[in-house]
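Next come the chains, spelled out residue by residue.
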Amino acid sequence: MRLPFRYKVSIVITSGVIIIYVVLFICFYLSSRSKLKNEFFNNAKLYSEVTYDKFSDIYTRYYRSVYFKFREFMLTHIRLFPDLQKVQIVSPEGEVLFNSEDIFKEIPVREKKVYTDDRFVIENLKTLEVKTFNGDVIKIIHPYIDRFGVHRFSIIYYFSYERLKKEINGIIKISFTGLILILILSSFVSIFLSRLITSHLSILEEAAMEISGGNFSKKIIIKTNDEFQDLADTFNLMTEKIREFIKELKERDRQKTQFIANISHELRTPLTASFGYVDYLLKEKIGIINEKQRKSLEIIKRNLERLNRDIHSLLQISKYYLEGVELDIKKTDVEKILKDILQNLSPHIENKKITTELDIKVKECFTDQEKIRNVFENILINAVKFTPEQGFIKIRNSLISENGNSYVIFDFYNNSEKIPPKKLDLIFEPFYQVDSDAGKKLGGIGLGLSICKSIIEAHNGKIWAKNDRIGFHIFFKIPGGVYEKEEDIDS
Amino acid sequence: MKKKKILIVDDEEDLLDFIAMVLSDENYITYKAKNVNEALSILQNNKVDLILLDIMLPEIDGFSFNNMLRSDDELRNIPVAFITARLDSQDKIIGLKEGAVDYICKPFTSDELVNRVKQIFRKVEDG
């Protein structure tokens, strides 16, 4: 279960307050209870000491003669100490001579003798010392010795803790009420406090969200002069650094792009001038040329063309590597593009007497028109280059389904030399050239297929090569496609 | 018909000469400028019908010069065609947005150049 931080904080604060309160209360309770008990005990002792002499005297003098006087005296004195439960006068034999509980009876008529059943009293009746028992009820035994030295009776005081207990219970009750009040109060205070803390956290969280959304200009202002402020300062420092870093990256990126543009300009400008002049000479615009001169100029022109192509590939692949491939995807008639390219290559194709076959099931694809043309061109130029005389080039495409996604798969098949299986993946690496005579003789700097790879991968597609019994395939697949000949695909 | 006047601005002298040669052979009057200052002094004294402008020029580049022309009341109506060596269509788009009528990509042959220029004049006269 996910518990928000502010609740955690408030729970910790509240429980802390309650624990402190309960501990304090227990200490207070224990100490005040023992203090009250001691006080009570001392009072009881004092009372018994002060009164026992008088009680004995009054008893011997008036109990049997002037009972009402005795009664009145006893009543007055017993009332003086409300916690005095009862006073008994007991003979050394254990006979209860007087019990203050009987004081309300008019005349002390005894049918039979009553003996005390209090064990403590019985045990200590005969001793001549003052005995105290501090249990649930405080009992004090005062022996009375008359002027002839005879132990006539003992006065036994029973003091009850009842009232004190009630008082202490009252304290507990009040404390419980206090506990509930403290609970409510401390939860409010702690919620307030944790809000105060988490408000800073939520400021930080908000800022972090902004940053993850790409806004690095967000500054956090927390002026609490504590760890939160430190955190906010560190956070601001971090965003500042990120901002600088991004700025630097952008600048570096801009420089790279600028570099490509500069190189492009530097290489192409002289090429344009040279190519332009050669072309102009060949057109005899500057003057009549003879056959030998024409041949030489044609060679220059052909080489300049090749140089231009290579420069173009080089710049293109650098651009893709530095900036990535930007696609402008739209419905594209791939059949038309393929036919167009084959048309352009037809002089070479006819020259080598190559047969071509076009089997297009998906006529229209969602792709970048210019870039897919570039892919087709690179693959087909290679194919024409490497296909032997009177060989074949077969181009097919169809719709396939993989893991619920549909792809258009293209297959370029020709009967060129096979490529060693280990090198099948390498042909898509930049500057890789298959080590063959044909490859060397035909030129190129080995960038065509790596350009294709960049473009296809930008489409979220895949390109790979495969040998078979008679020739060599280059396959690639790109997502999507528009159904053209549905019945063919089904079959 | 009156001969059209074309100002060519390019810092590469060989290319500048080539373009001027091809266009004069096609019966255009050409002016050559190696930088923006030269171009401006030519524009002060001559009324031209088209400016062929290289984007990568020293000090002030082609885009900035084009913007200067756009903000000048007298010169704003002269059509400008950029000469670009860039790979992508980015420059083309910027160029056309900046009010250029066309662009010519390096490398180009004499035929391409002449065709483009003819096209531009047709376009300007039509529209």
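Residues numbered from 1 in each chain as written. Chains lettered and ligands numbered in written order. Predicted model: local features only at pLDDT ≥ 70, side-chain atom pairs only at ≥ 80, totals over all residues. Heavy atoms only, no water.

**Description of the overall build of chain A**
Selection criterion: A run of DSSP states H or I qualifies as a helix once it reaches four residues; a run of E qualifies as a strand once it reaches two. Both are numbered from the N-terminal end. Exposure classes here rest on a 1.4 Å probe applied to the protein chains alone. A residue is buried below 20% of its type maximum, exposed above 50%, and partly exposed in between. What makes two residues a contact is simply this: any of their non-hydrogen atoms within 4.5 Å.
Regarding its fold elements, chain A presents eleven helices and twelve strands. Expressed as a percentage of its 491 residues, the buried residues of chain A come to 39%. At a minimum sequence separation of 6, the contacts of chain A that also span at least 24 residues come to 66%.

**Re the interface of chain B and chain A**
The test is simple: For any pair of parts, buried area is found by adding up, for both, the accessible area (1.4 Å probe) each one loses once the two are put together. A side-chain nitrogen of Lys or Arg and a carboxyl oxygen of Asp or Glu constitute a salt bridge if their distance falls within 4 Å. Here a polar contact means two N or O atoms within 3.5 Å. Within protein one must be a hydrogen donor candidate and the other an acceptor candidate, and residues neighboring in sequence count only if both atoms are side-chain atoms.
Taken together, the contacts link 22 residues of chain B with 23 residues of chain A. Both sides together, the interface formed by chain B and chain A hides about 2000 Å², and carbon and sulfur atoms give 64% of it. Along the contact surface separating chain B from chain A lie two salt bridges. Between A:K283 and B:D111 there is a salt bridge, with the nearest N and O atoms lying 3.0 Å from each other. Viewed at the interface, chain A and chain B are joined by six residue pairs in polar contact (both at pLDDT 80 or more). Elements supplying a minimum of two residues to the side of chain B that touches chain A: helix 1 (13-25) and helix 5 (110-126) of chain B. No other element matches helix 1 of chain B, which puts seven residues into the side of chain B that touches chain A.

**Looking at the confidence of the model for chain B**
Put simply, the test is: Values of pLDDT, ranging from 0 to 100, describe the predictor's confidence in every residue of the model.
Residues with a pLDDT of 70 or more make up 88% of chain B, whose mean pLDDT is 86. As a predicted assembly, this complex carries a pTM of 0.54 together with an ipTM value of 0.83.

**Here we look at the sheet that holds strand 12 (residues 472-479) of chain A**
Neighbouring strands of a sheet are bound in pairs by backbone hydrogen bonds; such pairs are parallel or else antiparallel. All names here are of chain A. Applied cut-off: A pair of strands is treated as paired once DSSP finds two or more bridges between them. As a rule, the C-alpha atoms of each element are fitted with a line to give its axis, helices using only the stretch in contact, and angles between N-to-C directions run from 0 to 180 degrees.
Pairing is mixed in the open sheet, where five strands are placed in the order 7-9-10-12-11. The open sheet has two edge strands, strand 7 (355-360) and strand 11 (462-467), and neither has a second partner. Strand after strand, the sheet turns through a mean of 20° between neighbouring axes, direction not considered. As judged from the six bridges shared by strand 11 and strand 12, these two strands associate in the antiparallel manner. Paired with N467 across the bridge in strand 12 is F472. Relative to strand 7, helix 7 (residues 334-351) is tilted by about 180°, and along the sheet it contacts strand 7, strand 9 (392-402) and strand 10 (405-414).

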